[in-house]
Amino acid sequence: MRNMRSLVLLLAFLTAACGGAPSEEEIERTRALAEDGAARLMQTLFQELMTALQAGPPEEALGICGDRAQQLTKAIENETGIMVRRTSLKVRNPLNAPDAFERSWLEKAAANPPTEPHSEVVKTGYGLRYLRPLRIAELCTQCHGEELAPAVRDAVQRRYPSDRATGYKTGDFRGAISARVRFD
């Protein structure tokens, strides 16, 4: 019995010395960082998309959700260390294809779309994974809807020949904003 207690104490010491499990406070602080990164990406992207749609036809705004979104994700990571991006089971841009963690959550979410974000502490790679559900807003149906204007359909086909991100209605579950944050 004494040897068992010594072993438990040794394991506890080694776990603490090697970083151990994060405290609830660390988890909440890290979750808040992930939420902030996801919100920043979506707010900036939505504002820029609205501006582009007011300035010209929807097919000219494809670069906002395509190129500009990739630039924003890199900028957020460079400034904050938070890796944040959009992903879906039906991607338009192959760069947004889900990794194994995201795919598992998205498959479950597709069957029963969540309304609240999901976060999980993971042992490998990043400390906290965060997924915020994305739903199709009305303005998104111009490029992701069931029926696209011919100019939009042609522009999408030219830019993304393997596109799978159409056929949605307002309010449909689209995918997630995914954030990865390391514990301090």
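To keep things clear, this report deals only with the structure shown in the data block. (Residues numbered from 1 in each chain as written. Predicted model: local features only at pLDDT ≥ 70, side-chain atom pairs only at ≥ 80, totals over all residues. Heavy atoms only, no water.)

### Describing the overall build of the chain
Helix and strand content of the chain: six helices and four strands. Within the span of the chain, comprising 184 residues, buried residues form 38% of the whole. Sequence-distant contacts in the chain: of pairs separated by 6 or more residues, those separated by 24 or more amount to 67%. When the accessible area of the chain is evaluated, it comes to approximately 11,100 Å², of which 54% is carbon and sulfur surface. (Helix = DSSP H or I, 4+ residues; strand = E, 2+ residues; numbered from the N terminus. Buried < 20%, exposed > 50% of the residue type's maximum accessible area, 1.4 Å probe, protein only. Contact = heavy atoms within 4.5 Å. Areas by Shrake-Rupley, 256 points an atom, 1.4 Å probe, with all protein chains shown as cover.)

### Things to note about the sheet that holds strand E2 (residues 118–121)
Strand order across the open sheet formed by four strands is E1-E4-E3-E2, with antiparallel pairing between neighbours. On the outer flanks of this sheet lie strand E1 (83–87) and E2, each paired with one strand and no other. With strand direction ignored, the average angle separating the axes of adjacent strands in the sheet is 15°. Here eight bridges tie strand E3 (residues 128–135) to strand E4 (residues 173–181), and the two strands are oriented antiparallel to one another. For leucine 128, the partnering residue across the bridge sits in E4 and is valine 181. Packed on one face of the sheet, helix H2 (residues 24–55) meets E1, E2, E3 and E4 and runs near 35° to E3. Seen against the sheet, helix H4 (residues 100–111) touches E1, E2, E3 and E4 and runs at an angle of roughly 150° to E4. (Pairing = 2+ DSSP bridges. Axes fitted to C-alpha atoms, helices over the stretch in contact; angles between N-to-C directions.)

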